[in-house]
Amino acid sequence: MEDPELREDFARDVVLLKYVGMNPIVVHGGGPDITSYMERLGLPVEFVGGLRVSDPATVEVAKMVLVGKVNKDIVGRINRHGQAAIGLSGDDGRLFVCERTSAPGGQDVGFVGRIAKVNTELLQHIAGDYIPVIASVGADREGNSYNVNADEAAGAVARALKAYKVLFLTDVSGWLADPSDPSSRISQADADTVEEALGTIAGGMRPKLQACIDAIHGGVTAAHIVDGRLPHSIILELFTNEGIGTKIRAAS
Ligand SMILES: Nc1ncnc2c1ncn2[C@@H]1O[C@H](COP(=O)(O)OP(=O)(O)O)[C@@H](O)[C@H]1O
Ligand SMILES: CC(=O)N[C@@H](CCC(=O)OP(=O)(O)O)C(=O)O
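Per-chain numbering applies: the sequence of each chain, read as written, is numbered from 1 onward. Chain A is the first chain written and ligand 1 is the first ligand written, with later ones labelled in order. For a predicted model such as this one, the threshold for reporting local features is a pLDDT of at least 70, and the threshold for listing and counting side-chain atom pairs is 80 or more; totals across whole chains, interfaces and linings nevertheless cover every residue.

Looking now at the site of ligand 2. If you check the shell around ligand 2, you find 14 residues, and the closest are Gly29, Gly31, Arg52, Asn149 and Ala150. Looking at the shell around ligand 2, the elements that each hand over two or more residues are helix 2 (31-40) and strand 3 (51-52). Using a C-beta atom placed from the backbone, a residue is scored as near a molecule or strand whenever that atom is within 6 Å of it. Counting from the N terminus, the helices are the DSSP runs of H or I reaching at least four residues and the strands are the DSSP runs of E reaching at least two.

Here it is in structure tokens:
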């Protein structure tokens, strides 16, 4: 998603899903953009278990970059391809109620939020006519702002809406049995197998797999991890028999 041409293909594909009668909802992060602005401001960048350590200054940058830059870029592209997109963050219409969370193992990572509640009524209202595009930030009931991992946000939205499917775009070909071997993609797994493996998973794949499990346990039929570097990856995953990434389903 760092490549403008891929972002353009993505927007075109989301519009196509709407045209064929689906109600797509886009939830996005923008970790590399946040990192680049933090570096420009001289702020230290640190991740624990795939989560960015977030002091109040980091949360402020994350909010500015995700809501002001990344969200508007995606909204603009979808609009230009012929469907009206509505940009939202967890703050708008109290879409997300966040709670402070910690990294796996309990390590404090600052103002990193998990999503305790999604305002599904608002989303259902909007998603019938428009394409909601949601930035992964929000606040708690006291008004403290949180940086939310985009996979956690996407999983929570899918679960709350009991979406038919949730797709996670990333920068690898899927869940890899060996992270250093791109050819070791696991094409299908059930949620119990993923749960057993979770303790061994490092980096950004961990919140992604956790979000897949949460979505499946919440009634979502399938969660897919898809290579966002491939043009039209979401169409290929949805409309080909083979699929291109990792598909996770409930244990049968
Ligand atoms: N077993 C694994 N399979 C795939 N990726 C893994 C695995 N373990 C760690 N990773 C790392 O997780 C990263 C994807 O997570 P992340 O960078 O957060 O993705 P995104 O920003 O696309 O949401 C990969 O680029 C890879 O470095
Ligand atoms: C708490 C936390 O880690 N928040 C993420 C939010 C953005 C994100 O998830 O972006 P990607 O989808 O590009 O990884 C961050 O600050 O990077």
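Turning to the nonpolar core, a few remarks are in order. The nonpolar core is taken to be a set of buried Ala, Val, Leu, Ile, Met, Phe, Trp, Tyr and Cys residues joined by way of C-beta atoms within 7 Å. Neighbour counting defines burial: a residue surrounded by 20 or more other C-beta atoms within 10 Å of its own C-beta is buried, one with 12 or fewer is exposed, and intermediate counts give partly exposed, using backbone-placed C-beta atoms. If you look at the biggest cluster of nonpolar residues, it comprises 64 residues, and the most contacted ones within it are Val133, Ile134, Ala153, Ala154, Val157, Val166 and Cys212. Counting residues per element, this core draws most heavily on helix 3 (residues 56-80), at nine residues. Both domains that furnish three or more residues to this core are identified here as domain 1 (1-161) and domain 2 (163-252). Excluding residues within four positions of it along the chain, Val157 makes contact with Ile25, Val27, Val118 and Ile134. Here the limits of each domain have been adopted from an automatic or database domain assignment. Here contacts are defined at the residue level, using C-beta atoms placed from the backbone and a cut-off of 7 Å between them.

This next bit is on the domain arrangement of the protein. Here the domain parsing of the protein yields domain 1 (1-161) and domain 2 (163-252). Listed as interface residues are 17 residues of domain 1 and, on the opposing side, 21 residues of domain 2. Elements with a contribution of two residues or more to the side of domain 1 that touches domain 2: helix 1 (4-19) and helix 5 (150-161). In terms of residues, the side of domain 1 that touches domain 2 owes the most to one element, helix 5, which gives seven residues. Within the side of domain 1 that touches domain 2, the residues separate by chemical class into eight nonpolar, four polar and five charged. Throughout this entry, Asp, Glu, Lys and Arg are counted as charged residues, while Ala, Val, Leu, Ile, Met, Phe, Trp, Tyr, Cys and Pro are counted as nonpolar. The remaining residues, Gly among them, count as polar.

Turning next to helix 5. A rise of 1.5 Å per residue sets the reference length of helix 5, with its 12 residues, at 16 Å; its end C-alpha atoms lie 17 Å apart and thus fit the reference within 8%. Counting buried positions over the 12 residues of helix 5 gives 10, a clear majority of the element. Along helix 5, the residues classified as buried are Ala150, Asp151, Glu152, Ala153, Ala154, Gly155, Ala156, Val157, Ala158 and Arg159. The inward-facing, buried residues of helix 5 abut strand 1 (26-28), strand 6 (113-118), strand 7 (131-135), strand 10 (165-170) and helix 7 (205-217). With its phi angle positive at about 50°, Lys162 sits one or two positions after the end of helix 5. The span expected for a helix works out to 1.5 Å for each residue beyond the first.

The next point concerns the sheet that holds strand 4 (residues 85-89). Judged by pairing direction, the sheet is parallel, and its three strands sit side by side in the order 1-7-4 without closing on themselves. Unpaired on one side and paired on the other, strand 1 and strand 4 mark the two borders of the sheet. Within the sheet, the average angular offset between the axes of one strand and its neighbour, ignoring direction, is 20°. The rule for pairing is simple: two strands pair if DSSP sees at least two bridges between them. Relative to strand 7, strand 4 runs parallel, the two sharing five bridges. The residue of strand 7 that forms the bridge with Ser89 is Ala135. Along the sheet, helix 5 makes contact with strand 1 and strand 7, crossing strand 1 at roughly 155°. Axes here mean lines fitted to C-alpha atoms, for a helix over just the part in contact, with angles spanning 0 to 180 degrees between N-to-C directions.

On to the packing of helix 5 against helix 7, then. Orientation of helix 5 relative to helix 7, taken along the N-to-C sense of each, is 5°, at an axis distance of 8 Å. One way to sum up the angle between helix 5 and helix 7 is to call them roughly parallel. Listed contacts from helix 7 to Asp151, Glu152, Ala154, Gly155, Ala158 and Arg159 of helix 5 are Pro207, Lys208, Ala211, Cys212, Asp214 and Ala215. Looking at side-chain class alone, the contact of helix 5 with helix 7 contains six nonpolar, one polar and five charged residues. The scheme is simple: roughly parallel for angles under 35 degrees, roughly antiparallel for over 145, roughly perpendicular for 65 to 115, oblique for anything else.

UniProt positions are given in the numbering used here, feature names are shortened, and annotations may be inferred rather than shown by experiment. The UniProt record marks residues 3-227 with the feature "domain: Aspartate/glutamate/uridylate kinase" (unreviewed entry), using the residue numbering of this structure. The annotated region residues 3-227 carries 41% helix and 22% strand content, and the separation between its end C-alpha atoms amounts to 13 Å.

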